[in-house]
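# What the coordinates show
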Amino acid sequence: MPEGDSIYRVAARLHEALAGRLLTSAELRVPAHATAALAGRRVLEVRPRGKHLLTRLDGGLTLHTHLRMDGHWEVYRPGERWTGGPAHQIRAVLGTDQGTAVGYRLPVVELLRTTDEGRAVGHLGPDLLGPDWDPAEAVRRLLARPSRPLVEALLDQRNLAGIGNVYANELCFVAGVTPWTEVGQVPHPDRLVERARQMLDANKLRPGHITTGDTRPGYRHWVYGRAGRPCPRCVTPVLTGRQGEAPRDRAVFWCPYCQRGPAPAEAVTNARPGRGAGGRRPGW
Ligand SMILES: [Zn+2]
């Protein structure tokens, strides 16, 4: 799943290309909206909401799209070749006299009345990068089911909107608890949601989902994607496993020294202690 900071950048790029301009051509290549006549409408704005994109048009219409795993939007200048994928993967085309936005492999392409946007995004929790970010409400939602594993609660967009698997794993690390720790047992959930907002905010204008503050490739994350490599804090090898029930399970990464809490026995048994395992554990 994409992270909310990536969607924020996609929305900004689309907004810059489309906002205020008249659509000279527009096609939605999905059965439900194949005949929608959008040409002649003006694009008002393109806004992110969690991981959803809302393209608002005059006349009270909103194009709701979601990228899920591998959808993407590209913007091309007039006459430029479209290189984002084969033509049959194109799901949406929004053209103006300045350029054309092309949506590839979008699993969600839905046209709705702007007043009905709540049907598409009303279930989402507070948006980490939204103007209406509400940390107290995010904490309340996270703790409403206190026995859920932390990584799962963080990924549930109904609790707070914008976290994907990279940030979910990294947030478990900075909180000093394993991904399986019950969310109700996490010390200082208020600091956790604030840290989540800081992480996404720091990355909303740059690629890479950098959580360590170190922009060098290979040093950008504490544990995510680092299985078998030394924890940057204590050099114990980082472990990996799966959390959740298939097919909705996900890869998780954690440091068995820096992160306290439950973890599958087989993963921990195979772990070798690191040389630096006498250091200070992180945490709040
Ligand atoms: Zn560590």
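Cut-off values and rules
- Residues numbered from 1 in each chain as written.
- Predicted model: local features only at pLDDT ≥ 70, side-chain atom pairs only at ≥ 80, totals over all residues.
- Heavy atoms only, no water.
- Helix = DSSP H or I, 4+ residues; strand = E, 2+ residues; numbered from the N terminus.
- Rg over C-alpha atoms; globule rule 2.2 N^0.38 Å.
- Buried < 20%, exposed > 50% of the residue type's maximum accessible area, 1.4 Å probe, protein only.
- Contact = heavy atoms within 4.5 Å.
- Areas by Shrake-Rupley, 256 points an atom, 1.4 Å probe, with all protein chains shown as cover.
- Lys, Arg positive; Asp, Glu negative; His and termini not counted.
- Charge placed at Lys NZ, Arg CZ, Asp CG, Glu CD.
- Pairing = 2+ DSSP bridges.
- Axes fitted to C-alpha atoms, helices over the stretch in contact; angles between N-to-C directions.
- Polar contact = N/O pair within 3.5 Å; in protein donor to acceptor, adjacent residues only side chain to side chain.
- Donors = N, O, S within 2.8 Å, 3.2 Å for Na, K, Ca; no water.
- Tetrahedral: all angles 85-135°; square planar, octahedral: opposite > 155°, others 65-115°.
- Salt bridge = Lys/Arg side-chain N within 4 Å of Asp/Glu carboxyl O.

With that settled, the discussion passes to the overall build of the chain. Looking only at helices and strands, the chain has seven helices and ten strands in total. Scaling as 2.2 N^0.38, a compact globule of 284 residues should have a C-alpha radius of gyration of about 19 Å, and the chain matches this with 21 Å. Looking at the chain residue by residue over its 284 residues, the buried ones come to 49%. Here the contacts in the chain between residues at least 6 apart in sequence split such that 61% fall between residues at least 24 apart. Counting every atom, the chain has about 13,500 Å² of accessible surface; 50% of that belongs to carbon and sulfur. Seen as two clouds, the 40 positive and the 28 negative side-chain charges of the chain have centres 5 Å apart.

On to the pairing of strand β4 (residues 61-66), then. As a general feature of sheets, a regular strand has side chains that alternate between the two faces. Of all six residues in β4, six are buried; the element is thus mostly enclosed. In β4, alternate side chains face the same way, and those of L61, L63 and T65 on one face and T62, H64 and H66 on the other are all buried. Bridging between strand β3 (residues 52-57) and β4 involves six bridges; their strand directions are antiparallel. Directly across from T55, in β4, lies its bridge partner L63. Remark: three residues form the turn of the hairpin made by β3 and β4, two consecutive strands paired antiparallel; G59 in that turn has positive phi of roughly 85°.

Pairing between the strands of a sheet is mediated by backbone hydrogen bonds and can be parallel or antiparallel. Ordered in space as β1-β6-β7-β5, the four strands form an open sheet in which the pairing is antiparallel. Strand pairing shows two members of the sheet lacking a second neighbour, β1 (25-28) and β5 (72-76), which therefore form its edges. Averaged over all adjacent pairs, the angle separating strand axes in this sheet is 15°, with direction ignored. When strand β6 (residues 90-96) meets strand β7 (residues 99-104), the two strands line up antiparallel, connected through six bridges. Looking at the pairing, L94 lines up with A101 of β7. Relative to the sheet, helix α1 (residues 4-18) contacts β5, β6 and β7, its axis offset from that of β5 by approximately 30°.

Strand order across the open sheet formed by four strands is β2-β3-β4-β8, with antiparallel pairing between neighbours. Unpaired on one side and paired on the other, β2 (43-49) and β8 (108-113) mark the two borders of the sheet. Ignoring which end each strand starts from, the neighbouring axes of this sheet average 20° apart. On top of the sheet, α1 reaches β2 and β3; it is set at about 175° to β2, its chief contact.

Here the focus is the side chain of D156. Within the secondary structure layout, D156 lies in the loop between α4 (150-155) and α5 (165-175). Given the relative accessible area of 10%, D156 is considered buried. Here R148 takes part through its side chain, which lies 2.8 Å from a polar atom of the side chain of D156. Within polar-contact distance, the side chain of D156 engages the side chain of R158 at 2.8 Å.

Now for the coordination of the zinc ion. Coordination of the zinc ion by the protein comes from C231 (SG), C234 (SG), C255 (SG) and C258 (SG), over a distance range of 2.2 to 2.4 Å. Viewed at the metal, the four donor atoms of the zinc ion are separated by angles of 98 to 114°, and the geometry they form is tetrahedral. In primary sequence terms, the donor set of the zinc ion follows C-x2-C-x20-C-x2-C. The exposure class assigned to C231 is buried, which follows from its relative accessible area of 1%.

Time to look at the pattern of salt bridges. For the coordinates displayed, the defined rule picks out 18 salt bridges. Among the salt bridges present, the one from R56 reaches E117, with a minimum N-O distance of 2.8 Å. Within this pair, whereas R56 is found in strand β3, its partner E117 is found in the loop between β8 and α2 (118-121), the two being separated by 61 residues in sequence. For the residue pair R56 and E117, the accessibility class agrees, reading buried in each case. Among the ionic contacts, a cluster of salt bridges with common partners joins E45, R47, R56 and E117.

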